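Read off the chains here:
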Amino acid sequence: MKTSSLFIIFLVLTGCNFKRLRTQELSQENEPYFKVNAFSISYDQIQKNIIAPSCIACHSGKHEPSLTNYQEVFSALKKIDQSVLKEKSMPKRKPLSSELRATLKTWISVGAPEFATESAETPSPTPTPNLPPLSRPVLFADFKARVLEPSCVSCHNQGNKDGLTSMEDYTSVKSVVEFLLPMMTGKVGNDPIPEDQRMPPPKSTPLTEDQLNTLKWWLEDGEKDQ
Ligand code: HEC
Ligand code: HEC
């Protein structure tokens, strides 16, 4: 019952594209998950790699718009998007590499923040205390030991009085598997999900990077039991 109401919300959020979205996100085999972390791009990087070498010569007084600081770039974003990414008419005569265009696009897509809010590094899974380093493929037993037992089973256990899905056995976890990534990362693609659907609930200890990687790799490696 609870599961189905959540499911409807996710379908609305994802426009029924949930499965596809997940496969896309997971498609880069063995790539660390957050290799390109959109929130790790700051204005500083855009300035250094794109604006200074490719725009400033013409856009610091000579031609409109002036692009000499964050505010100016930010106010010209729509036009930049149009001319650099869509029409590719800028920079004049010297198009950006596709990598730089992709970086710019990603930066704009998350709202062109002045400062990065997350680290670019994907921390390699640091072993959780008392657990051996994680090896691939990640199996259910790894996921259970590193994620479910420490962070979920206190509430999601067999026969709990609220009827929550047990996170103790493979079959039961598989029955809600498509909710795990959005609930635990708090996002479907770039869209945040409602606070009250995040897991573990906002008041609990947040998941570590290692735990999130364990989830992602378990999914990526085929959600295997053993
Ligand atoms: C060689 C000079 C030159 C360089 C380099 C250059 N521009 Fe331009 N830009 C111009 C000129 C000239 C115009 C005026 C419109 C035109 O002639 O196309 C212009 C216009 C624009 C506009 C306004 C378009 C509109 O719709 O009003 C934007 C936005 C822009 N440039 C962004 C950039 C960005 C971002 C870069 C770097 C990635 C860049 N330009 C690099 C010369 C340049
Ligand atoms: C503090 C208790 C608590 C913890 C810890 C917790 N949950 Fe939940 N979980 C809930 C409650 C309560 C609901 C029902 C929410 C609702 O109905 O709105 C829920 C719902 C869910 C659901 C929807 C299916 C169902 O059983 O209702 C999933 C999937 C889920 N949680 C996964 C997890 C995962 C994965 C973790 C660990 C990363 C976790 N939860 C940790 C309390 C918890």
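Heads up: the structure comes first, above all this text.
About the criteria used
Residues numbered from 1 in each chain as written. Chains lettered and ligands numbered in written order. Predicted model: local features only at pLDDT ≥ 70, side-chain atom pairs only at ≥ 80, totals over all residues. Heavy atoms only, no water. Donors = N, O, S within 2.8 Å, 3.2 Å for Na, K, Ca; no water. Tetrahedral: all angles 85-135°; square planar, octahedral: opposite > 155°, others 65-115°. Helix = DSSP H or I, 4+ residues; strand = E, 2+ residues; numbered from the N terminus. Buried < 20%, exposed > 50% of the residue type's maximum accessible area, 1.4 Å probe, protein only.

**Thoughts on the coordination of the iron atom of ligand 2**
The expected angle between donors at a tetrahedral four-coordinate metal is 109.5 degrees. At an octahedral six-coordinate metal it is 90 or 180 degrees.
Point 1. Distances from the iron atom of ligand 2 to its protein donors, namely His156 (NE2) and Met199 (SD), fall within the range 2.0 to 2.2 Å.
Point 2. For the iron atom of ligand 2, the six donor atoms are set out with angles of 86 to 178° between them, so the coordination reads as octahedral. Here His156, found in the loop between helix 7 (140–151) and helix 8 (170–174), pairs with Met199, found in the loop between strand 2 (191–192) and helix 10 (209–220); they are 43 residues apart in sequence, far enough to count as distant.
Point 3. Here Met199 falls in the partly exposed class, since its relative accessible area comes to 27%.

**Details of the coordination of the iron atom of ligand 1**
Point 1. His59 (NE2) and Met90 (SD) make up the full set of protein donors to the iron atom of ligand 1, lying at 2.0 to 2.1 Å.
Point 2. Each of the six donor atoms around the iron atom of ligand 1 contributes to a set of angles spanning 87 to 178°, which defines the coordination as octahedral. Here His59 is found in the loop between helix 3 (43–54) and helix 4 (70–75), whereas its partner Met90 is found in the loop between helix 5 (77–86) and helix 6 (98–109), with 31 residues between them in sequence.
Point 3. Among the residues examined, His59 registers a relative accessible area of 11% and is labelled buried.
Point 4. A relative accessible area of 24% places Met90 in the partly exposed class.

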